[in-house]
Amino acid sequence: MSAKPGYAVGVVWSAVNAAAGVLLPFVLFIFFARHLTPADVGTIMFASAIAEIVKAFGLPGLYEALLQQPRLYQPTALAVLLVTGMALLIVYIGVIAGLGHLMPNVGAHEWLLDLLGLRIVCDLATIQPQAALAQSLAYGRLAGRSIVANLGAGLVGIAVTVYGEPFLGLTAYLAGQSVLIFVTTATGADALVRPRFVRIHMAAMAREAFAASVVRLVAAVNNYLDQIILASSISSLVLAYFNLAKRVEMTFITASSSFSGILFQPTFSIQAPDARTAALRRSLAVIGLICGVPCVFFVVNAQTIVMLGFGSAWLPAATVASVLAVSGFIRALGSVHGALLSVSGYNRQLMWVTTVSAISGIAIVVVGAAFGLVAVAVGLAIKNASIVAWMARLTRGSLPDPSWIYLRDIVSPVIVMAVAGAGISALVRTQLVPDGLTVLAASGIATAITGLICFGPTIVPLYRSRTRIPAAQF
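Residues numbered from 1 in each chain as written. Predicted model: local features only at pLDDT ≥ 70, side-chain atom pairs only at ≥ 80, totals over all residues. Heavy atoms only, no water.

**As for the overall build of the protein chain**
Part 1 of the reasoning: The helix and strand tally for the protein chain stands at 19 helices and zero strands.
Part 2 of the reasoning: Counting only residues that meet the buried cut, the protein chain has 57% of its 474 residues in that class.
Part 3 of the reasoning: Residue pairs at least 24 apart in sequence account for 84% of intrachain contacts in the protein chain once pairs closer than 6 positions are excluded.
Part 4 of the reasoning: Of the roughly 19100 Å² that the protein chain leaves accessible, carbon and sulfur atoms contribute 70%. (Helix = DSSP H or I, 4+ residues; strand = E, 2+ residues; numbered from the N terminus. Buried < 20%, exposed > 50% of the residue type's maximum accessible area, 1.4 Å probe, protein only. Contact = heavy atoms within 4.5 Å. Areas by Shrake-Rupley, 256 points an atom, 1.4 Å probe, with all protein chains shown as cover.)

**Structural notes on the pattern of salt bridges**
Part 1 of the reasoning: Enumeration over the complete set of coordinates arrives at eight salt bridges.
Part 2 of the reasoning: As a salt-bridge pair, K246 and E249 come within 2.7 Å of each other at their nearest N and O atoms. On the criterion of helical spacing, the pair formed by K246 and E249 is a turn pair, its members being three residues apart in helix α11 (residues 236-269). Accessibility classification places K246 together with E249 in one group, the buried group.
Part 3 of the reasoning: One salt bridge connects D409 with R408, and the closest N-O pair in it is separated by 2.8 Å.
Part 4 of the reasoning: Connected through shared salt-bridge partners, E52, K55, R119 and D123 make up one network. (Salt bridge = Lys/Arg side-chain N within 4 Å of Asp/Glu carboxyl O.)

**So, the confidence of the model for the protein chain**
Part 1 of the reasoning: Looking at the protein chain, pLDDT values average 83 and 87% of them are 70 or higher.
Part 2 of the reasoning: For the stretch residues 462-474, pLDDT sits under 50, and the model shows 26 contacts to residues farther than four places along the chain or on other chains. (pLDDT = per-residue confidence, 0-100.)

**Description of the side chain of S327**
Part 1 of the reasoning: Here S327 is to be found in helix α15 (residues 318-342).
Part 2 of the reasoning: Among the polar contacts made by the side chain of S327, one reaches the side chain of E249 at a distance of 2.9 Å.
Part 3 of the reasoning: Those residues in contact with S327 that lie beyond four places of it in its chain are E249, L380, A381 and N384. (Polar contact = N/O pair within 3.5 Å; in protein donor to acceptor, adjacent residues only side chain to side chain.)

**Here we look at helix α17 (residues 373-394)**
Part 1 of the reasoning: End to end, α17 covers 32 Å across 22 residues, agreeing with the expected 32 Å (1.5 Å per residue, within 8%).
Part 2 of the reasoning: Along α17, the residues that are buried comprise L373, V376, A377, G379, L380, A381, K383, N384, I387, V388, M391 and A392. (Expected span 1.5 Å × (residues − 1).)

**Structural notes on the environment of V160**
Part 1 of the reasoning: Checked against the element boundaries, V160 lands in helix α8 (residues 139-163).
Part 2 of the reasoning: Every residue in contact with V160, bar those within four places of it in the chain, is listed here: E165, L168 and G169.

**Some points on the packing of aromatic side chains**
Each aromatic ring pair is specified by the distance between its two centres and by the angle formed by the two planes.
Part 1 of the reasoning: One pass over the full model with this rule turns up four aromatic pairs.
Part 2 of the reasoning: Look at F31 and F32: their rings are 5.3 Å apart centre to centre, the planes differ by 75°, and that puts the pair in the edge-to-face class.
Part 3 of the reasoning: Classification of F31 as partly exposed rests on a relative accessible area of 21%.
Part 4 of the reasoning: The class for F32 is buried, based on a relative accessible area of 1%.
Part 5 of the reasoning: Look at Y241 and W314: their rings are 6.1 Å apart centre to centre, the planes differ by 75°, and that puts the pair in the edge-to-face class. With Y241 in helix α11 and W314 in the loop between α14 (302-310) and α15, this residue pair connects regions lying 73 residues apart in the sequence. Taken individually, Y241 and W314 each receive the classification buried, so the pair is uniform in this respect.
Part 6 of the reasoning: Feature note: the residues F31, F32 and Y173 constitute an aromatic cluster, connected by ring pairs. (Phe/Tyr/Trp six-rings, centres within 6.5 Å; stacked < 30°, edge-to-face > 60°.)

**A short note on the nonpolar core**
Part 1 of the reasoning: With 110 residues, the main nonpolar core has L62, Y92, L113, F264, I287 and W314 as its most contacted residues.
Part 2 of the reasoning: For L113, the contacting residues outside a window of four places in its chain are T43, I44, A47, Y92, I96, V106 and F167.
Part 3 of the reasoning: The next biggest cluster of nonpolar side chains, apart from the first, holds 20 residues, and it includes V214, A220, I253 and M351. (Core = buried A, V, L, I, M, F, W, Y, C linked by side-chain atoms within 4.5 Å.)

**Observations regarding the environment of M45**
Part 1 of the reasoning: Examined against the element boundaries, M45 turns out to sit in helix α2 (residues 38-55).
Part 2 of the reasoning: In this structure, the C-alpha to C-alpha distance between M45 and Y224, residues 179 residues apart in sequence, is 9.2 Å.

**Points about the packing of helix α7 (residues 118-135) against helix α9 (residues 166-186)**
Part 1 of the reasoning: Contact pair α7 / α9: the axes reach a minimum separation of 8 Å and the direction vectors enclose 30°. One way to sum up the angle between α7 and α9 is to call them roughly parallel. Note on packing geometry: the crossing formed by α7 with α9 is left-handed. The segment α7 lies against α9, with R119, C122, D123, A125, T126, P129, Q130 and L133 engaging L174, A175, Q177, S178, V179, I181, F182, T185 and A186.
Part 2 of the reasoning: The residue inventory of the contact of α7 with α9, partitioned by class, reads ten nonpolar, five polar and two charged. (Axes fitted to C-alpha atoms, helices over the stretch in contact; angles between N-to-C directions. Parallel < 35°, antiparallel > 145°, perpendicular 65-115°, else oblique. Left-handed = near helix turned anticlockwise from the far one by under 90°. Nonpolar A, V, L, I, M, F, W, Y, C, P; charged D, E, K, R; others polar.)

Put into structure tokens, the structure is as follows:
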């Protein structure tokens, strides 16, 4: 039997996947934002948010259930996912048709927005082959698919935009991502099985699948419902600013999801309980480095980044984007605890946590909308910090004294990075070269080096010393 790849390999491939899933889409989003009006971007992202919430009703929690079951359960899961995916595609098209009569921007582009429904079918169908790859710890395959999907869909979207149809270009890019993700996940290595429903297999997976699906539904609500709610109370222009801020927040969620799906969940699922304390601290440090560094960098330089990247028309979004960047980093840290809970038989507890998170998030958006976008963003960030504290308490069996560990291993390094990044930025701007790109480069280097110094000692010795952590032999 061939040896399983080590944790370090998983970190590398997770980082590659996160870069493909975050940097490429963000660069492409800048491209489309410069070719579309903020109102058109807001319309497309509004429809995409609806698709993501509709998709969450398709029992996506079968992924977590499959990670805890042998391969013979996978044909049943795929059959269920395909049926629900097609049914929900019809629901999505109906919702868009209904909204087209109420919202002029949606009605004007109804047929194009229907293309985003492909994300529902393809993303749900991808769950089964992705679970098969995760069980075999196929880090490279899991990471490579994001690179291919983003590059391929991005090229199509750019070509359509250059041809003179930027609205269709952005829509084709978003839909093409999911299509190519499915193709690259399902082809080769016998990952995709033939769908066949077996009642007893579904019964065995039902409890975990339902609980995990509720968790994913609530996550979708957390990620997207605020945009839908705000769409009814603010203008398309202001909604576009909030969409930009949400895009910043979602970069951290996407990155953490990459590490959860490729590294954390598969590792925790086959790991001995007595090895999880060190592994949980190491995983938090990985997220602290991967997400903490860009979060600090963005917050310190938000005005310059938005101005250079998106143009002066988007400057009003800089402040709310900074707050949601912090919120995204907080949620990324919570994803580590969620990854452990989801594969340890605690999906029901996780379901209640995420349900409370979603309900309170909706309340914050509804109440805070009257006070402005910044008030909404601050409220969401505080709520997310409270939820992460709750999740950390649920994993206290693997992470004793989480308050002290967070203060020492997360909060203190973030403060040090912020001081270093802001200090170098101010020094370069006032004493050396005031050029925006030079300031960003200096601040980014200072933040990254400080992050490596702060988080490196927690990450490197643990995955190098295989005799101290049995789980590192995977």
